[in-house]
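Each chain is listed here by its residues.
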Amino acid sequence: MRKLAIAMALASTALAAPAVARDQSFYVGVEGGVLLVEDTDFDVDTTIGGRAIEVRDGVSVDHNYGLDADLIGGYDFGGFRLEGELGFKRASADDIRISSQIRGNVIPESDGDVRIYSAMVNGLFDFGEDDGWNGYVGGGLGLASVRYDLDVNRRSRDGRDIGGRGTDRSIAYQAIAGVRYAITPNLDLGLKYRFFNVNKLDYPGQFSDLKGRFRSHSLLASLIFNMGAPPPPVVILPPPPPPPPPPATQTCPDGSVILATDVCPAPPVYVPPPPPPPAPERG
């Protein structure tokens, strides 16, 4: 019975061990998934008829679904994580619309794509049970390089091509929420949502400048390796059995105490003293 209790204690400790390897340890991981880019509206600084004008939302880019992938690494303080993230995003342009203020009568095909390289620092707060599903929320701040290659083969009223090709770098921020589950003591599977934003993008050209911002939403699957080791299981031993009751005893007529199963010694046999010798006769 005692061996069975010890085995059950060891088994229950092993089942609770997977998530413990996260706390107070470094981790690395990879993430990848679907990218949804919001319509990007560019303000256009250009010249029409020899006059410089600014057209708000002069070029609007509608994107196809794209790809989002990351490499991450950080440290889990226990309830809070600080991590670095290197990301890549790409999406092609589905439709490029030009304001009627700057386009001419010719409307050929348009094409293009956007590529983003980012380096972010994230702070994440964990919640939930360590031995099951675990959720987290947080945000990040960093720097992003956004390259737009827009082949807008529509000529302005002056007969000039309207388009933007180039790279700009700007401050980026993001909001993050996700869940993860420990499938081994050191390996987590997760699902994450991310909102990503880059403001103040500027693409100067020979005949026109495009100014705007980039915003996207991502749904990512993640695989995280925790470098910490779970602590050795704590074996809780059952309490020792109570001592056996004292054996039953009995008190013999001679005052001795013996076990109840024993027999008292027989009382001593009285032997009378011998009679005195007869007195000698006198003559």
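Residues numbered from 1 in each chain as written. Predicted model: local features only at pLDDT ≥ 70, side-chain atom pairs only at ≥ 80, totals over all residues. Heavy atoms only, no water.

From N to C terminus, the protein chain includes one helix and 12 strands. Order of helices (α) and strands (β) in the protein chain, N terminus to C terminus: α-β-β-β-β-β-β-β-β-β-β-β-β. Expressed as a percentage of its 283 residues, the buried residues of the protein chain come to 36%. In the protein chain, 69% of the contacts between residues at least 6 apart in sequence involve partners at least 24 apart. Surface summary for the protein chain: the accessible area is close to 17,000 Å², and the carbon and sulfur share equals 62%. (Helix = DSSP H or I, 4+ residues; strand = E, 2+ residues; numbered from the N terminus. Buried < 20%, exposed > 50% of the residue type's maximum accessible area, 1.4 Å probe, protein only. Contact = heavy atoms within 4.5 Å. Areas by Shrake-Rupley, 256 points an atom, 1.4 Å probe, with all protein chains shown as cover.)

Moving on, we get to the state of the cysteines. All chains considered together, the criterion is met by one disulfide. With a sulfur-sulfur separation of 2.1 Å, cysteine 252 is cross-linked through a disulfide to cysteine 264. Its torsion about the S-S bond being -90°, the disulfide of cysteine 252 and cysteine 264 is classed as left-handed. On the criterion of sequence distance, the pair formed by cysteine 252 in the loop between β11 (249-251) and β12 (257-259) and cysteine 264 in the segment after β12 is long-range, its members being 12 residues apart. (Disulfide = S-S within 2.5 Å.)

Attention now moves to the packing of aromatic side chains. Tallied over the full model, the rule gives 10 aromatic pairs. With 5.1 Å between their ring centres and 45° between their planes, tryptophan 133 and tyrosine 181 make a pair best called tilted. Here tyrosine 181 lies in strand β8 (residues 164-182) and tryptophan 133 lies in the loop between β6 (110-128) and β7 (134-152), a separation of 48 residues in the sequence. For tryptophan 133, a relative accessible area of 59% corresponds to the exposed category. (Phe/Tyr/Trp six-rings, centres within 6.5 Å; stacked < 30°, edge-to-face > 60°.)

A positive phi angle, near 55°, is found at glutamine 24, a position not held by glycine. Even without glycine at this site, lysine 200 takes up a positive phi of about 55°. With respect to the secondary-structure elements, lysine 200 resides in strand β9 (residues 187-204). A relative accessible area of 75% means that lysine 200 is categorised as exposed.

To continue, consider the pattern of salt bridges. Going through the model one piece at a time under the given rule, you end up with 13 salt bridges. With a closest N to O distance of 2.7 Å, arginine 194 and aspartate 70 form a salt bridge. Of the two residues, arginine 194 is situated in strand β9 and aspartate 70 in strand β4 (residues 66-76); the sequence distance between them amounts to 124 residues. Here arginine 194 and aspartate 70 have matching classes, each one buried. (Salt bridge = Lys/Arg side-chain N within 4 Å of Asp/Glu carboxyl O.)

Attention now goes to the side chain of glutamate 31. Topologically, glutamate 31 is positioned in strand β1 (residues 25-37). With a relative accessible area of 7%, glutamate 31 lands in the buried category. Within the local environment of glutamate 31, its side chain forms a polar contact with the side chain of lysine 192, the two groups lying 2.8 Å apart. Leave out the neighbours within four places in its chain, and glutamate 31 touches Asp68, Ala69, Asp70, Ile72, Lys192, Arg194, Leu220, Ala221 and Ser222. (Polar contact = N/O pair within 3.5 Å; in protein donor to acceptor, adjacent residues only side chain to side chain.)

Before going further, it helps to spend a moment on the pairing of β4. Of the two faces of β4, the one lined by Gly66, Asp68, Asp70, Ile72, Gly74 and Asp76 is fully buried and the one lined by Leu67, Ala69, Leu71, Gly73 and Tyr75 carries no buried residue. Where β1 lies against β4, 11 bridges are found, and the strand directions are antiparallel. The residue bridging serine 25 from the neighbouring strand is aspartate 76, located in β4. Taking the residues that link successive antiparallel strands as the turn, the β4-strand β5 (residues 80-98) hairpin has three residues, and the phi of glycine 78 there is positive, at about 95°. (Pairing = 2+ DSSP bridges.)

Next up on the list: the nonpolar core. If you look at the biggest cluster of nonpolar residues, it comprises 24 residues, and the most contacted ones within it are Phe42, Val59, Val146, Tyr148, Phe196, Val198 and Phe214. Of all the elements in the fold, those that place two or more residues in this core are β1, β2 (40-48), β3 (51-63), β5, β6, β7, β9 and β10 (208-226). For phenylalanine 42, the residues in contact, after removing those within four places along its chain, are Val55, Asp57, Gly58, Val59, Val61, Tyr148, Leu150, Tyr203, Leu210, Lys211 and Gly212. (Core = buried A, V, L, I, M, F, W, Y, C linked by side-chain atoms within 4.5 Å.)

Along the chain, the position of aspartate 209 falls in strand β10. In this structure, the C-alpha to C-alpha distance between aspartate 209 and aspartate 43, residues 166 residues apart in sequence, is 8.0 Å. Setting aside residues up to four positions removed in sequence, aspartate 209 forms contacts with Asp43, Val44, Asp45, Asp202, Tyr203 and Pro204.

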